[in-house]
Amino acid sequence: MDLKKTFAKRVLEYRVARKWNQIQLAKRAGVSQSTVSRAESGESAAADLDTISKLAEAFGVSPWQLLSEDEVRTLSSADAAILDAVRKIAVGH
């Protein structure tokens, strides 16, 4: 599988696992919804290093996990909720 397809597949997998829609992911990552859509469709414009880094941070994973073809353990929605709560506390929200 090529890198763009792997990235697209991983972004979709992580987003669905967290039960987020594209708008929710975009807000958490600080990117536009169209960027998320392009990332999930495999468009190369959405796979720049800055976008990969922002999406990885939103998911709480390393950028490598969004690019790796290896099976990656995804967080359950309960674990993701706990991670979100911890992040909010850490940034004072």
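Just so you know, these numbers come straight off a predicted model, no measurement behind them.

According to the stated counting rule, one finds four salt bridges in the structure shown. Arg15 is the salt-bridge partner of Glu40, the closest N and O atoms lying 2.4 Å from each other. One end of the pair, Glu40, is in helix 3 (residues 33–41); the other, Arg15, is in helix 1 (residues 3–17), and 25 residues separate them in sequence. A salt bridge links Lys54 to Asp50; the nearest nitrogen and oxygen atoms lie 3.3 Å apart. Here Lys54 and its partner Asp50 are both found in helix 4 (residues 49–59), four residues apart, which amounts to about one turn of the helix. Residue class for Lys54 comes out partly exposed when judged on its relative accessible area of 30%. It is possible to trace a salt-bridge network through shared partners that takes in Lys9, Arg10 and Glu13.

Moving on to the packing of helix 1 against helix 3. The geometry of helix 1 relative to helix 3 is characterised by a closest axis approach of 6 Å and an angle of 120° between their N-to-C directions. The angle between the axes of helix 1 and helix 3 places the two elements in the oblique class. Together, Phe7, Ala8, Val11, Leu12 and Arg15 of helix 1 and Ala39, Glu40 and Ser41 of helix 3 make up the contact between the two elements. In the contact of helix 1 with helix 3, the residues fall into five nonpolar, one polar and two charged.

What counts and how
- Residues numbered from 1 in each chain as written.
- Predicted model: local features only at pLDDT ≥ 70, side-chain atom pairs only at ≥ 80, totals over all residues.
- Heavy atoms only, no water.
- Salt bridge = Lys/Arg side-chain N within 4 Å of Asp/Glu carboxyl O.
- Helix = DSSP H or I, 4+ residues; strand = E, 2+ residues; numbered from the N terminus.
- Buried < 20%, exposed > 50% of the residue type's maximum accessible area, 1.4 Å probe, protein only.
- Axes fitted to C-alpha atoms, helices over the stretch in contact; angles between N-to-C directions.
- Parallel < 35°, antiparallel > 145°, perpendicular 65-115°, else oblique.
- Contact = heavy atoms within 4.5 Å.
- Nonpolar A, V, L, I, M, F, W, Y, C, P; charged D, E, K, R; others polar.

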